[in-house]
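Residue-level structural notes
In case you want the letters, here they are:
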Amino acid sequence: MASNPLNEIENIELAFLSLDDYQELKEVMIQSYSTMPNSYWKEHHIKTLIDQFPEGQVVIKVNSQIAGCALSIIVEYDQFDSNHTYKEITGNYTFKTHSQNGDVLYGIDIFIKPEFRGLRLGRRLYDYRKELCERMNLKGVAFGGRIPNYHKYSNKLTPKEYIAKVRHKEIDDPVLNFQVSNDFHPSKILKNYLEGDEASDEYAVLLEWDNIYYEKRSKKANITKKLIRLGLIQWQMRPYKDLKELLQQAEFFIDAVSGYRSDFALFPEFFNAPLMADNNHLTEPEAIRELAKHTTGVIQRFSELAISYNINIISGSLPEIQDGRLYNVGYLCKRDGTTERYEKLHVTPDEIKVWGMQKGKQLKVFDTDCGKIGILICYDVEFPELSRLLAEEGMDILFVPFLTDTQNGYSRVRNCAQARAIENECYVAIAGCVGNLPKVHNMDIQYAQSMVFTPCDFAFPANGVKAEATPNTEMILIADCDIDLLRELNQFGSVRNLRDRRKDIYELKKTKGGDGSDQ
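Residues numbered from 1 in each chain as written. Predicted model: local features only at pLDDT ≥ 70, side-chain atom pairs only at ≥ 80, totals over all residues. Heavy atoms only, no water.

Examining the nonpolar core
When a protein is soluble and globular, its nonpolar side chains tend to lie buried together. Of all hydrophobic cores here, the largest spans 56 residues; its most connected members are L230, I314, I373, F399, V428 and I430. Looking at which element gives the most residues to this core, the answer is strand 17 (residues 427-436), with 6 residues. V257, L275, L291 and F302 belong to the second-largest nonpolar core, a separate cluster that totals 44 residues. (Core = buried A, V, L, I, M, F, W, Y, C linked by side-chain atoms within 4.5 Å. Buried < 20%, exposed > 50% of the residue type's maximum accessible area, 1.4 Å probe, protein only. Helix = DSSP H or I, 4+ residues; strand = E, 2+ residues; numbered from the N terminus.)

See the structure below:
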């Protein structure tokens, strides 16, 4: 760069390649491939590429001079053998293999003029290919990468051994290192790939980049949303004369969050506890069993409201009796009219001692029109194994209805929920009850601050808090969750908690299926 120091650069421009650029482009190719004489594209080759696929042919110019170029086509990837050659992929250099109906952007060539190397211009060209791939909804980018330093080691290392040593930084290969640093992963060794490439001993590495935003083409309408709006209800405990009045208050909040076009309404744990006031003369176990008689009516009404307000309702939790036993359960009432049940798996010592609550058995991910979600009730979120199992089944959002009486109890739920968002690369929404019920035994006071947590990386809030309600105040909390950001985090995050797990030294699995059967 002695002839082109940084302070002499006035302009860097990425532009579509034009046939008018050919003579200058030819000189750049000759200089770029100085070890491979006569390795430059003829004018008719460039014309064919521009005519067939102009968006795939770009140059990068520095001070109006061509500094680099990237050429590519679209191919139907499955039509080629995994051991394909350069001649095969280009149709013997005719580019008849290009197809507008293809699914992979295949890199034909990329080069930087020697005097402009070191400015990371190659990265700009690779980034353009990735952006083009995403824009055209292609599966990914692929190309055969030369390994020009391999000839120095070919007498003692196989290509596989050579690549392994490069990846472990035992051998320096600037070309392969550069490609891997740009998120391309080696998938295969290609033998006899490029005729005349003596420096690589005619070997190449098939490098691929996967488009995490790719959506398989379908004639059906795509109904799965990617930007999800959550409506959290921070519920005030207050006296209600009957179930009808409580449901009127619930509908008020459902109406409110639906008015903001929320996709989910999340209620807290035991939000219907005020109805136990009429049975305060009974023992605690008897009173909560009387409350359980209302559960069917609540869920029936919530299912109707989910349809009429076009929103998925997570009912928080309610007591329910099955086979004479008391459980802490909830229901996901979908806006398509279906309902699904979930259970609290870890009941607190107080729930066992005071009410005789039984432990649930079912853990599952729920499919919704907004993707896969998980639901854990209060104490369950303090056990990291549960949410990890849900994450392995594809959960994007974890909902946690809770009920805590003291600030330290709330802190356990809050801090554990935030940890779950980081370690599982998902959103976590928690909603609780506030206020007090002086006429209900074992439900005297409540403390809550409803929140939505995110992973901690550049695309998310620095403190991992997307939204937070005012503590101990009745209100709703609205927050948007971008699912595509989770996909990007999983692939390119500063750290990758899910992908970097050491499954070679530990594993986590269910001992029982969702239906109680052995796994």
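A short note on the pairing of strand 12 (residues 325-333)
In the case of a regular strand, side chains alternate between the two sheet surfaces. Across the 9 residues of strand 12, 8 count as buried, placing the element largely inside the fold. The sheet contact formed by strand 10 (residues 312-314) and strand 12 spans 2 bridges and is antiparallel. Paired with I313 across the bridge in strand 12 is C333. Counting the residues that bridge the hairpin from strand 11 (residues 318-322) to strand 12 gives 2 residues, and of these D323 lies at a positive phi of roughly 55°. (Pairing = 2+ DSSP bridges.)

Some remarks on the pairing of strand 7 (residues 204-210)
The element strand 7 is extensively covered by neighbouring structure, given that 6 of its 7 residues are classed as buried. Pairing between strand 5 (residues 140-146) and strand 7: 7 bridges, direction antiparallel. Across the sheet, the residue bridging to G144 is L206, located in strand 7. When strand 6 (residues 185-190) meets strand 7, the two strands line up antiparallel, connected through 5 bridges. Bridging across to strand 7, P186 finds its partner in L207.

So, the packing of aromatic side chains
Two numbers describe a pair of aromatic rings. These are the distance of the centres and the angle of the planes. One pass over the structure, following the stated rule, counts 28 aromatic pairs. Ring geometry for Y86 and Y193: centres 5.7 Å apart, planes at 65°, overall edge-to-face. Of the two residues, Y86 is situated in helix 3 (residues 86-89) and Y193 in the loop between strand 6 and strand 7; the sequence distance between them amounts to 107 residues. Both rings, one in F267 and one in F302, keep their centres 5.0 Å apart while their planes meet at 35°; by these two values the pair is tilted. With a gap of 35 residues between them, F267 in the loop between strand 9 (264-266) and helix 8 (284-291) and F302 in helix 9 (residues 295-308) connect regions that are remote in the sequence. Three or more aromatic residues joined by ring pairs make a cluster, and in this case those are W235, Y240, F252, F253, F267, F271 and F302. (Phe/Tyr/Trp six-rings, centres within 6.5 Å; stacked < 30°, edge-to-face > 60°.)

Brief notes about the state of the cysteines
What makes a disulfide is a covalent bond joining the sulfur atoms belonging to two cysteines. Throughout the structure, instances matching the rule amount to 0 disulfides. Left without a disulfide partner, C370 is nearest to the cysteine sulfur of C481, which lies 10 Å away. Sulfur of C481: no disulfide; nearest cysteine sulfur belongs to C426 and is 10.0 Å away. Classification of C481 as buried rests on a relative accessible area of 0%. (Disulfide = S-S within 2.5 Å.)

Remarks on the environment of E284
Note on placement: E284 falls in helix 8. On the basis of relative accessible area, E284 is assigned to the partly exposed category, the value being 28%. With 70 residues separating them along the chain, E284 and V354 place their C-alpha atoms 6.5 Å apart. With residues near it in sequence (within four places) discarded, E284 still touches V354, W355, H441 and N442. (Contact = heavy atoms within 4.5 Å.)

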